[in-house]
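Examining the three-dimensional arrangement
Listed below are the residues making up each chain.
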Amino acid sequence: MRFRPCVPALALMLLAPVLPARGEDGAEIRGVIGAQIEAFAADDLAAAFGFASPMIRHMFQTPETFGNMVRQGYPMIWRPGAVRYLGLREEDGRMLQRMGFVDGEGRLHLFDYDMVQSRDGWRINGVHPVSAPAAGV
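None of these values were measured; they are calculated from a predicted model.

**With respect to the side chain of aspartate 103**
- Mapped onto the secondary structure, aspartate 103 falls in the loop between strand E2 (94-102) and strand E3 (108-118).
- Of the polar contacts made by the side chain of aspartate 103, one reaches the side chain of histidine 109; its length is 2.9 Å.
- Every residue in contact with aspartate 103, bar those within four places of it in the chain, is listed here: Met76, Gly81 and His109.

Shown next as structure tokens:
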């Protein structure tokens, strides 16, 4: 077995935008995202689908369709090797939680989770890939 330096962990620390969140919102948002990741790990599509916003649930209609989209389009979220909560920020009235996922091959993937308030609390309204800055830039 070959030693691989923990480059993703270093990159996560360097890329983390540390901005203040609004009080308890940060804990709630991290809780929703974490619960969805745990639901994916348990293959509990109904629970994972329940953490999606009404718009996302309307778009995909069923937990199975939603789960297939995540499994095929975002395998690093479906079965992450490591997960990091990097920074929560408000941008144009939206709450965005930056996430870092390390896949099974050790590659780092950054995403912004777009969070919205619903009558049931915070929900995930979309996941957007974020390009990592080039090394040395």
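**Topic: the pairing of strand E4 (residues 121-130)**
- The sheet contact formed by E3 and E4 spans 9 bridges and is antiparallel. Note on E4: the bridge partner recorded for leucine 110 is valine 130.
- Hairpin connection from E3 to E4: 2 residues lie between these consecutive antiparallel strands.

**Considering the pattern of salt bridges**
- What the rule picks out here adds up to 7 salt bridges.
- Across the salt bridge formed by arginine 89 and aspartate 112, the nearest N and O atoms sit 2.7 Å from each other. With arginine 89 in strand E1 (residues 82-91) and aspartate 112 in strand E3, the pair connects residues that are 23 residues apart, well separated along the chain. For the pair shown, arginine 89 and aspartate 112 are each scored as buried.
- Between arginine 98 and aspartate 112 there is a salt bridge whose closest N-O contact spans 2.5 Å. In this pair, arginine 98 sits in strand E2 while aspartate 112 sits in strand E3, placing the two residues 14 residues apart along the sequence.
- By relative accessible area, which is 12% here, arginine 98 ends up buried.
- Within the structure, one salt-bridge network assembled from shared partners comprises Arg89, Glu91, Arg98 and Asp112.

About the cut-offs
- Residues numbered from 1 in each chain as written.
- Predicted model: local features only at pLDDT ≥ 70, side-chain atom pairs only at ≥ 80, totals over all residues.
- Heavy atoms only, no water.
- Helix = DSSP H or I, 4+ residues; strand = E, 2+ residues; numbered from the N terminus.
- Polar contact = N/O pair within 3.5 Å; in protein donor to acceptor, adjacent residues only side chain to side chain.
- Contact = heavy atoms within 4.5 Å.
- Pairing = 2+ DSSP bridges.
- Salt bridge = Lys/Arg side-chain N within 4 Å of Asp/Glu carboxyl O.
- Buried < 20%, exposed > 50% of the residue type's maximum accessible area, 1.4 Å probe, protein only.

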